[in-house]
Each structure stands twice: as structure tokens, then as C-alpha cells.
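Read off the chains here:
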Amino acid sequence: MGRGHDALDLTYYQTVAGAAGFLLASCLEAGDWHVPDGSASLLLVYLAVACSVGGFLLYNYGLRRMTSSVAVNILNLVPVFGVLGAVVINGETVRLGQVLGGAIIVAGVALGVVERRTSVAAPAAPEPASVGERA
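In this report, the structure presented in the accompanying data block is examined.

The rules we used
- Residues numbered from 1 in each chain as written.
- Predicted model: local features only at pLDDT ≥ 70, side-chain atom pairs only at ≥ 80, totals over all residues.
- Heavy atoms only, no water.
- Helix = DSSP H or I, 4+ residues; strand = E, 2+ residues; numbered from the N terminus.
- Contact = heavy atoms within 4.5 Å.
- Polar contact = N/O pair within 3.5 Å; in protein donor to acceptor, adjacent residues only side chain to side chain.
- Buried < 20%, exposed > 50% of the residue type's maximum accessible area, 1.4 Å probe, protein only.
- Arc of directions from axis to C-beta.
- Axes fitted to C-alpha atoms, helices over the stretch in contact; angles between N-to-C directions.
- Left-handed = near helix turned anticlockwise from the far one by under 90°.
- Nonpolar A, V, L, I, M, F, W, Y, C, P; charged D, E, K, R; others polar.
- Patch = residues over 30% accessible without salt bridge, like charges linked within 9 Å, V, L, I, M, F, W, Y side chains within 5 Å.
- Areas by Shrake-Rupley, 256 points an atom, 1.4 Å probe, with all protein chains shown as cover.
- Salt bridge = Lys/Arg side-chain N within 4 Å of Asp/Glu carboxyl O.
- Phe/Tyr/Trp six-rings, centres within 6.5 Å; stacked < 30°, edge-to-face > 60°.

### Considerations on the environment of Asn73
Thought 1: Tracing the sequence through the fold places Asn73 in helix H3 (residues 68-75).
Thought 2: Note: C-alpha distance between Asn73 and Ile105 (32 residues apart in sequence) is 9.8 Å.
Thought 3: In this structure Asn73 touches Gly108, Val109, Gly112 and Val113, once residues within four positions along its chain are discounted.
Thought 4: Here the side chain of Asn73 touches Val109 through a polar contact of 3.3 Å, landing on its backbone oxygen.

Right, dumping it as C-alpha cells:
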């Protein structure tokens, strides 16, 4: 993570900064505000706790166990799982273009992870010695 900073602290400050930005942007729609009912309030709490804070904490947990290049590569799967969730939870339909886009994303992530594993697994070839040097 950041030098000398705890991942949880960094996540907290990132979340606060993002919330402040959204709060400022929401002022542009102040005329459309409504008081949320109980159901909407529970959904907002779920979004804040499970999706935002939980997602950031799981991402930081993953960063501790893999390289940042692999973690960022896997992060590209977020829209794929978002669409899968929309299909499973909301029964939304998916068009051919979306399926193809998801397949391209999955293939790209798979190639990136495979490429990373092969480059880490294969040791670098030793440099050849100069003509006048002996080991």
C-alpha cells in the first residue's frame, strides 16, 4: 500500500473523499430530492456497507496476497459481474454485443493472468559472459 499507511486508513480516506464529491455533485439535483422510505433507506445502507466498504476491504485484502498488476487486471471483471448480477437478481436481458464484450474482457483478463504467471515462472536467461571473462 502507501508508504507508512495502513490499507484500512487509506480506504477510509478514499471513501470519505468520494462521498464528499458525490455530495457536492448531488447538489446539482437538489430539486429532485425526496425523503427515502424505509425500504430505500435499507438499500442505501446495503450499498454503502456491503458494496462500497466491503468491496474496498476485499480489494485491499486481495492486494496483500497478489501483485498489484494482477489485482488491477482482475478488477476489469467488475462490469462482467455487474451484468451477471443484473441478469440473476433483476432478470435483465443481455444482448449479443454485451455477451461478446464480456467474453473479450474475460479473455483479456485470462491472458493477462497467464502472461503474468509465465513471466514470473520462467527464470531469466543468464547474461552471456564476455570473451575475456571467465566465471
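### Details of H3
Because each turn of an α-helix spans 3.6 residues, side chains separated by three or four positions end up pointing in the same direction.
Thought 1: Taken as a whole, H3 has its buried residues at Val70, Ala71 and Asn73. Looking straight down H3, one finds that the buried residues subtend no more than 160° of arc, so they occupy a single side.

### Focus: the packing of helix H1 (residues 7-26) against helix H2 (residues 38-65)
Thought 1: Taken N-terminus to C-terminus, the directions of H1 and H2 make an angle of 145°; their axes are 10 Å apart at the nearest point. H2 is crossed by H1, and the crossing has right-handed handedness. Contact residues: Ala7, Leu8, Thr11 and Thr15 in H1; Phe56, Leu57, Asn60 and Arg64 in H2.
Thought 2: Considered class by class, the residues forming the contact of H1 with H2 number four nonpolar, three polar and one charged.

### Quick notes on a nonpolar patch on the surface
Thought 1: Together, Val83, Val87, Val88, Ile89, Val94, Leu96, Val99 and Leu100 make up a nonpolar patch on the protein surface, roughly 730 Å² of accessible area in all.
Thought 2: Contributing elements (two or more residues each) for the nonpolar patch: helix H4 (78-90) and helix H5 (96-121).
Thought 3: Here the nonpolar patch takes four residues from H4, the largest share from any one element.
Thought 4: Take Val83: it is sitting in helix H4.
Thought 5: What makes Val83 partly exposed here is its relative accessible area of 36%.

### Side note on the packing of aromatic side chains
Thought 1: Tallied over the full model, the rule gives one aromatic pair.
Thought 2: Centroid distance Tyr12 to Tyr13: 5.2 Å. Interplanar angle 70°. Geometry classified as edge-to-face. Both residues of the pair, Tyr12 and Tyr13, belong to the exposed class.

### Describing the environment of Ala48
Thought 1: Following the sequence through the fold, Ala48 ends up in helix H2.
Thought 2: The spacing of Ala48 and Ala19 is 29 residues in sequence and 10.0 Å in space, taken between C-alpha atoms.

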